[in-house]
Amino acid sequence: MLLNAQSSSIAIALALALTGASFGVPGSVPLAGSLIGVSVAHADDDDDDDDDDDDDDGAAGGGQTGGRGSGSSVQRSTGGNLLDLFRKSEPRSPRRKAPAPVEVRQAPQQIVALGLDQAAIDGLNAAGFSISERVTVSLAGAEMVRLAIPRGLTLEAARAQVAAAAPGAVVDYNHFYRPDQARSEPCGGNQCLARNVVGWPKSNAVPGRCSAPAKIGLIDTAINADHLAFSGGRIETIRLGDGDLPDSGRQHGTAVAALLVGSAESRTPGLVPGSELIAVDAFHRGSGNDDRSAVYDLVHAIDLLANRGVQVINMSLTGPANLLLEQAIEKAASRNIVLVAAAGNDGPRAAPLYPGAYDGVIAVTAIDRRKNPYRRAGAGDHVDIAAPGVQVWTAASVKGAQSKTGTSFAAPFVTAAAAMMLAADPHLKAGDIEGLLQKTAEDLGKPGKDPVFGWGLLNARAICQG
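Residues numbered from 1 in each chain as written. Predicted model: local features only at pLDDT ≥ 70, side-chain atom pairs only at ≥ 80, totals over all residues. Heavy atoms only, no water.

### Side note on the nonpolar core
One recurring pattern in soluble globular proteins is that nonpolar side chains are buried together.
Then comes step 1: Judged by nonpolar contacts, the single largest core of 59 residues is most densely connected at Val 338, Val 364, Phe 413, Val 414, Leu 437 and Leu 458.
Then comes step 2: If you tally residues by element for this core, the top one is helix H9 (residues 411-424), at ten residues.
Then comes step 3: In this structure, Val 338 is in contact with Gln 311, Val 312, Ile 313, Ile 362, Ala 418, Leu 422, Ala 430 and Ile 433, ignoring residues within four places of it in sequence.
Then comes step 4: Within the second largest apolar cluster, 41 residues are counted, among which are Val 137, Ile 219, Met 315 and Val 361. (Core = buried A, V, L, I, M, F, W, Y, C linked by side-chain atoms within 4.5 Å. Buried < 20%, exposed > 50% of the residue type's maximum accessible area, 1.4 Å probe, protein only. Helix = DSSP H or I, 4+ residues; strand = E, 2+ residues; numbered from the N terminus. Contact = heavy atoms within 4.5 Å.)

Next up, the structure:
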């Protein structure tokens, strides 16, 4: 039977070739597709390494838009010569999948320390360590240094040696933190206005808490400040890190910034348009073509924003536990700075990710428009609150807009709500903000706080009405 089927397929292909017929059939089986020359090209979305993506409102129907949209396009080709047809009908050996890249958790040959005195530094220099970079961290009242370790010494041994040289210092690896995002399904602007799920007002010109401009801090990748989404906005961008390192991509940072302060007249109106945004690009492009922020730069960014008087900071990023980051979080929280972070997209069974899992940080998980949990969102006792994070409509990196998915894009909803509460009442403490978010949340899942939704879904309607 198999021989007869193959013969029939070849006969059909020969007939098509002789008549010059050509078809584009999406979803064809592999054999038929290869015979009639169908090639399906899946368009990239703005979450990959291409910085030129743009989507149109019409992408909701899955059609092809100008430029590269979120849908897919079908390329039609002619049948080719008979020899090609026979070759395509031959069984192919299965391709070997390329091994998944191993995620690098920390910078090689580097240790970071907070609070080393000069005597300890001199001793470490004599032992072969060298200072690559140093900066004063005002939050901690101490200097932070990035040390290059001696050749032949393991990271574990180097950390132990630095810690022994200064028992009162905080010492750890220079861990990497990454933007927390995932690929999105296509949808149009009218379908992706996720703010409706939490009752966010359509305009900031309404009475109540959500009418006053606010100052917001953002730690993320680079931002395309020339995007039309930010027309007339108040955005200050600050680049950190070694100038020799490749610049980070603009996809993630532009999307998160537009969610927060995008112009009300743009295709991607922000949650708090007109507010001031101080955005710190603490990331660089890594060797694996990924955007990453070393903890040295992340701590520096938190300190910088604290020194600028920012009272709410959005961190749509995740990584491992780190002693220096924990110290910076504790110091910032003690200053009543509201810290909001993504819960992570490693799945509900994954270990907690940081900084969201630290006390003093509001960890935000993601839900879809039906208030179901995002399937890849992290879960656990550290999750505090849920917000829309599936198919969220926001700015693409160069122009236009796209839908975005991930807990990265849920965090700005909570950041915006906190900023509005602080703008309405500057005397509120960080604990007061968290208490109000908890008290007004729409309980989802099990009654009370649970590991999936935390205290429940952000209720912007209640917050904006005071």
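After that view of the structure, there is still more to cover.
### Some remarks on unusual backbone geometry
Then comes step 1: Cis peptide bonds are those with omega within 30 degrees of zero, and the linkage from Tyr 354 to Pro 355 qualifies with 15 degrees.
Then comes step 2: Along the polypeptide, Pro 355 turns up in the loop between strand S14 (338-342) and strand S15 (361-367).
Then comes step 3: We note that Lys 371 has phi near 65 degrees; this positive angle belongs to a residue other than glycine.
Then comes step 4: Looking at where Lys 371 falls in the secondary structure, it is placed in the loop between S15 and strand S16 (383-388).
Then comes step 5: Since its relative accessible area comes to 29%, Lys 371 is described here as partly exposed.
Then comes step 6: The backbone of Gln 391 sits at a positive phi, close to 55 degrees, despite the residue not being glycine.

### Section: the UniProt feature "active site" (unreviewed entry) in the protein chain
Then comes step 1: Per the UniProt entry, the sites bearing "active site" (unreviewed entry) are Asp 220, His 252 and Ser 408 in this numbering. For the annotated residues, spread through 189 residues, the largest C-alpha to C-alpha distance comes to 10.1 Å, consistent with a single compact locus.
Then comes step 2: On the basis of relative accessibility, which here comes to 2%, the residue Asp 220 falls in the buried class.
Then comes step 3: Within the structure, the side chain of Asp 220 is placed 2.6 Å from the side chain of His 252, a separation counted as a polar contact.
Then comes step 4: By the secondary structure assignment, His 252 is in helix H6 (residues 251-261).
Then comes step 5: His 252 sits in the buried class, given a relative accessible area of 2%. (UniProt positions renumbered as here; feature names shortened; annotations may be inferred. Polar contact = N/O pair within 3.5 Å; in protein donor to acceptor, adjacent residues only side chain to side chain.)

### Let's talk about the confidence of the model for the protein chain
Then comes step 1: Model confidence for the protein chain is summarised by a mean pLDDT of 79, while 72% of its residues fall at 70 or above.
Then comes step 2: Contacts for the low-pLDDT stretch residues 1-53, under 50 throughout, to residues beyond four places or in other chains number 88 contacts. (pLDDT = per-residue confidence, 0-100.)

### What about the environment of Ala 120?
Then comes step 1: Structurally, the position occupied by Ala 120 is in helix H4 (residues 118-126).
Then comes step 2: Setting aside chain neighbours within four positions, we find Ala 120 in contact with Ala 165 and Ala 166.

### Quick look at the packing of aromatic side chains
Then comes step 1: By the definition in use, this model includes one aromatic pair.
Then comes step 2: With a centroid separation of 4.5 Å and an interplanar angle of 50 degrees, the aromatic rings of Tyr 354 and Tyr 358 are classed as tilted. Of the two residues, Tyr 354 and Tyr 358, neither departs from the other in class, the shared state being buried.
Then comes step 3: Its end group placed over the ring of Tyr 296, Arg 146 keeps NZ or CZ at 6.0 Å from the ring centre. (Phe/Tyr/Trp six-rings, centres within 6.5 Å; stacked < 30°, edge-to-face > 60°. Lys NZ or Arg CZ within 6 Å of the ring centre and 35° of its normal.)

### Here's the deal with the sheet that holds S16
Then comes step 1: Sheet architecture is open: seven strands sit in the order S8-S9-S7-S12-S14-S15-S16, paired in parallel fashion. Where the open sheet ends on each side, the last strands, each with one partner, are strand S8 (234-239) and S16. Across the sheet, the mean angle from the axis of one strand to that of its neighbour is 25 degrees, orientation sign disregarded.
Then comes step 2: Of the pairings in the sheet, the one linking S14 to S15 comprises four bridges and is parallel in character. (Pairing = 2+ DSSP bridges. Axes fitted to C-alpha atoms, helices over the stretch in contact; angles between N-to-C directions.)

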